[in-house]
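# Architecture at a glance
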Amino acid sequence: MKHTKITYTPNGPVVEGIGGPFRTTRLMWRELVSARELVWRLFLRDFSAKYRQSALGVVWAVIMPLVTIGMFVAMNRSGIFIIGDVGVPYPLYAIIGITVWNLFSVGLVASTNALVGADVMVVKINFPKVALILAATGQSLVEFLIRMVLVGFAFIWYGITPSLDGLVICLICFVPLYLLMTGIGFVMSLVAGVVRDIANLVNIVLLALMLVTPILYPLKGASLLASANVWNPFNYLVNVPRDFLISGHTEYFNEFVSASFLSAAVFYAGWRLFYLAQTKIAERI
Amino acid sequence: MEAFLSGADEDSRKDMNNDTVIRLEGVSKKYCRTLRHTMLYGTTDLAKSFLGIKQKDGALRNGEFWAVKDATFELKRGETLGIIGQNGSGKSTLLKLLNGIFMPDRGKITINGRVGALIEVGAGFHPMLTGRENIYVNGAILGMTKKDIAKRFDEIVEFADIGEFMDLPVKHYSSGMTVRLGFSIVAHCESDILLIDEVLAVGDMDFKYKCIKKIEEFRREGKALVLVSHDIIAVNKLCSRAILLSHGAVEYDSTAGESIDRYFADTAEHMAGKMRGRTEDHSEVDGKTPKKIFFADVRLCDTARKQTNVFTMGQPIVVKATVISVTKIDIPSFGAIVYSEDGIYLGGFNSLAEEAFMNSIEEGCYEIEYRIGGIFLHGRYFLTLVIHDGTGEIIYDMRDKSDYFVVGGDAKFLPFSGYVKIPCEWKYRKISQEGEKHGYTD
């Protein structure tokens, strides 16, 4: 890092030469750029440490969703839970849904715990904490890619060819979901730093969200759940990429665009709050 | 808010000349007394940050206290500053403020240069990764680029000197090895200002010596150094200037020698305060069984029999104990043990082993006096006094670390580190006129 004069004030650090409009945003950007190597190092560290003393290693990334889907398939077949026609074989539909959802849920859990998990470092070393959150979300990206391989196998197994244009659009469509997860993750990691209960709360809310959002089942007719899901951004953030992958088109593109704007706004707000509050958390953690 | 901040920055730019690397202006920092308050205020502060509500002018809320209070000082390039003070005087908090780990609640700190901090070495180590892998991760945490690390990798490995353990996961390292590796990484970061907090307390002598040499190297390179330490000897050796903190405030800011003298004077007062009210009733064992013989009173005096707990180096310490015996005791032994401030057993002696007092004693009140040679170096020491029987198995009475003494004096005579001055005698004579014969020439 180059030599700069910095002033620590009750309202945060002030870097010489950075002032004027969008000062905070430019400082945030500057911090992010300076932290890119650290993000990569922390990501590699967590990745290699996670699977080092594990016999199955990355295979765990596919075991968990397979178990969940297995339960839904079993419930469907035994008539406890009637899913109905989804246009493609149900396991394929479910694997795509849960893969997309896990990008959000795994990343959110990891980023919520990122600050607390590194508490000694946070209290003792001055470094850009944003790197901890981004490195944590990196874990969910890796698992996501591994699960996408599983999705690929599912397509081959059922002899279905995905829409190629759809595949490209589908991958782009994950960006808003990633931004939303990271934005919420920024805020949750701060709150977890002060009140540890939040980690449990996040798990419960994620489970509830997974069940009320049409991820493992399609919405039917005019139910209460269906009308509630009109306002659920996850409905669009998960289902639109899936629609693109399976059929190459979607009915909900406008809603998806609105949800994407919302995600971008949450990401920016969360990041900004994180940037401004990170030094306040260091003394509370 | 942003306009206000950039204005403040301009002011400091004008005042701060180029040689000043650290400047504190009325810096205060508050902490919460309880975890409940930490959670409460943490949540409200976060909510305020989120809503963009500016925090009030750092006034104390219920359950808070000032950990650092109104600190103002400057540090120039090439200067070495020690920060000393009792436990809890705010030394480490001040260092964390300088490092930017958290912001002051009042005042401002201007840092002009790159800061390297040895606050807790190995804090970013991942236990599952090898030492080698951790060098890269820790280096990145400390702000080194991959190129920096690659360039200095061999130096880091060589300085840490942990040999084949480099490829072992760090969780199998001893604490000494962790410190070696951690220090080595930080020491090889490019920095203009080095902050050091007590890290020299760990590690073996050999490594400690290496660290001190490295720190002296920094100093010679004209880098600024801030050292927080309980090790007064280290502060005296490494620092030209020292700040004495008391209850978070700068009590004294002068040359290292003068600040250390002041610290010792404070220490004696502080310990007297702590010991007051600790007078135990020594007449009963566990509060029930009456003791056969016990200490009624103990005083420390100088050789002129004046009661004191403060001695200068070389001055003998006279222990005067009033002992009451309620029955006949067959050859009691009076003993003493000296501990350093950090609880290290330095040694002891007793009257029996020295054959100083070989009589039985009858019922009555006695005064026992003995003199401890002035062998102690600067520091604080605790005394444990015991009366036991000839075998040492029966302890009649014990005052466990109830007495203390402080050795101070002119800090410029602080030549040694350690606890005691080992007596030695010197002889000098010329054995030959011709130096060349022994292979030595000009």
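Residues numbered from 1 in each chain as written. Chains lettered and ligands numbered in written order. Predicted model: local features only at pLDDT ≥ 70, side-chain atom pairs only at ≥ 80, totals over all residues.

## A look at the overall build of chain B
We apply this condition: Helix numbers and strand numbers start at the N terminus; a helix is a DSSP run of H or I with at least 4 residues, a strand a run of E with at least 2. Here a residue counts as buried when 20 or more other C-beta atoms fall within 10 Å of its C-beta, as exposed when 12 or fewer do, and as partly exposed in between; the C-beta atoms come from the backbone. By the convention adopted here, residues are in contact when the distance between their C-beta atoms, placed from the backbone, does not exceed 7 Å.
The helix and strand inventory of chain B stands at nine helices and 19 strands. Looking at the 442 residues of chain B, the share that counts as buried comes to 38%. The contacts in chain B between residues at least 6 apart in sequence include a share of 73% that link residues at least 24 apart.

## Examining the interface of chain A and chain B
Note the following rule: Side-chain classes are defined by residue name, with Ala, Val, Leu, Ile, Met, Phe, Trp, Tyr, Cys and Pro counting as nonpolar, Asp, Glu, Lys and Arg as charged, and the others, Gly among them, as polar. Paired strands are those between which DSSP finds at least two bridges.
Facing 43 residues of chain A, the contacting portion of chain B comprises 50 residues. Elements with a minimum of two residues in the side of chain A that touches chain B: β1 (5–9), β2 (12–15), α2 (36–52), α6 (119–124), α9 (174–194) and α13 (253–282) of chain A. It is α2(A) that contributes the most residues to the side of chain A that touches chain B, eight residues altogether. Class assignment of the residues belonging to the side of chain A that touches chain B gives a composition of 22 nonpolar, ten polar and eleven charged. Two strands pair when backbone bridges link them, and β1(A) and strand β4 (residues 106–112) of chain B are joined in this way by four bridges, in the antiparallel orientation. If you follow Ile6(A) over to β4(B), its bridge partner there is Ile111(B).

## Regarding helix α7 (residues 130–157) of chain A
We apply this condition: Expected span of a helix, by definition, is 1.5 Å for each gap between consecutive residues, and there is one gap fewer than residues.
End to end, α7(A) covers 41 Å across 28 residues, agreeing with the expected 40 Å (1.5 Å per residue, within 8%). After α7(A) finishes, the residue Gly159(A) shows a positive phi value of roughly 65°.

## A few points about the pairing of β1(A)
Residues and elements named next belong to chain A. Examined bridge by bridge, β1 and β2 share four bridges and lie antiparallel to one another. Looking at β2, one finds that Thr9 is bridged to Gly12. The antiparallel hairpin formed by β1 and β2 contains two residues in its connecting segment.

## Description of the pairing of strand β9 (residues 249–255) of chain B
Look at any regular strand and the pattern is simple: side chains alternate between the two faces of the sheet. Residue and element names in this part refer to chain B. Where strand β8 (residues 241–246) lies against β9, six bridges are found, and the strand directions are antiparallel. Each bridged residue has a counterpart across the sheet, and for Ile243 the counterpart in β9 is Asp253. Between β8 and β9, which pair antiparallel one after the other, the connecting turn spans two residues, and His247 there sits at a positive phi close to 50°.

## Remarks on the nonpolar core
Across soluble globular proteins, nonpolar side chains have a tendency to be buried as a group. Convention followed: To define a nonpolar core, we join buried Ala, Val, Leu, Ile, Met, Phe, Trp, Tyr and Cys residues through C-beta atoms within 7 Å and take the resulting set.
Core analysis: the biggest nonpolar cluster contains 174 residues, and Ala131(A), Leu132(A), Ile83(B), Leu195(B), Val226(B), Val235(B) and Ala242(B) have the highest contact counts within it. Contacts of Ala242(B), omitting those with residues within four sequence positions, involve Leu81(B), Gly82(B), Ile84(B), Val235(B), Ala256(B), Ser259(B) and Ile260(B).

## Notes on the environment of Val186(B)
Residues and elements named next belong to chain B. Of note, Val186 is situated in helix α6 (residues 175–187). A tally of 25 C-beta atoms within 10 Å means that Val186 is categorised as buried. If we skip the residues at most four places from it in the chain, Val186 touches Gly116, Leu118, Val121 and Leu142.

## A few points about the sheet that holds β1(A)
Going by this rule: In this analysis an axis means a line fitted to C-alpha atoms, helices contributing only their contacting stretch, and an angle means the value between N-to-C directions, from 0 to 180 degrees.
One open sheet holds the five strands; their spatial order is β2(A)-β1(A)-β4(B)-β1(B)-β2(B), and the pairing between them is antiparallel. Taken across any chain shown, the strands that pair with only one partner, and hence form the sheet edges, are β2 of chain A together with β2 (64–76) of chain B. Averaged over all neighbouring strand pairs, the angle between strand axes comes to 20°, with direction disregarded. Sheet topology places strand β1 (residues 20–32) of chain B next to β2(B); nine bridges connect them, and they run antiparallel. Paired with Leu24(B) across the bridge in β2(B) is Phe73(B).

## Some points on the domain arrangement of chain B
All names here are of chain B. The test is simple: All the domain ranges listed were derived from an automatic or database domain assignment.
As assigned here, chain B comprises domain 1 (15–270) and domain 2 (284–413). Listed per partner, the contact involves ten residues of domain 1 and eight residues of domain 2. When contributions to the side of domain 1 that touches domain 2 are tallied by element, the ones reaching two or more residues are α8 (232–238) and α9 (256–275). Ranked by the residues each element gives to the side of domain 1 that touches domain 2, the list is headed by α9, at seven residues. For the side of domain 1 that touches domain 2, the class distribution of residues is six nonpolar, three polar and one charged.

## A word on the packing of helix α4 (residues 90–112) of chain A against helix α10 (residues 198–212) of chain A
Residue and element names in this part refer to chain A. So the rule is basically this: Just so you know how the angles are binned, under 35 degrees is roughly parallel, over 145 roughly antiparallel, 65 to 115 roughly perpendicular, and the rest oblique.
Between α4 and α10, the least distance of the axes is 10 Å, while the angle of their chain directions is 170°. Considered as vectors, α4 and α10 are oriented roughly antiparallel to each other. Contact residues: α4 offers Trp101, Ser105, Leu108, Val109 and Thr112, while α10 offers Ile198, Ala199, Val202, Asn203, Leu206 and Met210. A per-class count over the contact of α4 with α10 returns eight nonpolar, three polar and no charged.

## Notes on the confidence of the model for chain A
Keep this limit in mind: By definition, pLDDT measures how confident the predictor is in each residue, and it falls between 0 and 100.
The predicted model of chain A has a mean per-residue pLDDT of 87, with 99% of residues at 70 or higher. Here helix α3 (residues 60–77) of chain A is the element of chain A with the lowest mean pLDDT, 81, and α9(A) is the one with the highest, 94.

## Observations regarding the sheet that holds strand β15 (residues 333–340) of chain B
Residues and elements named next belong to chain B. Strand order in the open sheet formed by five strands is β13-β19-β18-β15-β16, with mixed pairing between adjacent strands. Across the chains shown, the open sheet's two edge strands, defined by having one partner strand only, are β13 (310–312) and β16 (345–350). Across the sheet, the mean angle from the axis of one strand to that of its neighbour is 30°, orientation sign disregarded. As paired elements, β15 and β16 share five bridges and run antiparallel to each other. Bridge pairing links Gly335 to Asn350 in β16.

## Overview of helix α2 (residues 35–51) of chain B
The following threshold applies: For this quantity, the arc is that covered by the directions from the helix axis to the C-beta atoms.
Look at α2(B): 24 Å from first C-alpha to last across 17 residues, which is about the 24 Å you get at 1.5 Å a residue. Among all positions in α2(B), only Gly42(B), Leu46(B) and Ser49(B) are buried. The arc enclosing the buried residues of α2(B), seen along the axis, measures out at 60°, which places them on a common side. Turned more than 90 degrees from where α2(B) packs its buried face, Arg36(B), Ala47(B) and Leu51(B) sit exposed. Among the structural elements, α9 and α13 of chain A are those in contact with the buried residues of α2(B). A positive phi of about 75° marks Gly52(B), the residue just after α2(B).

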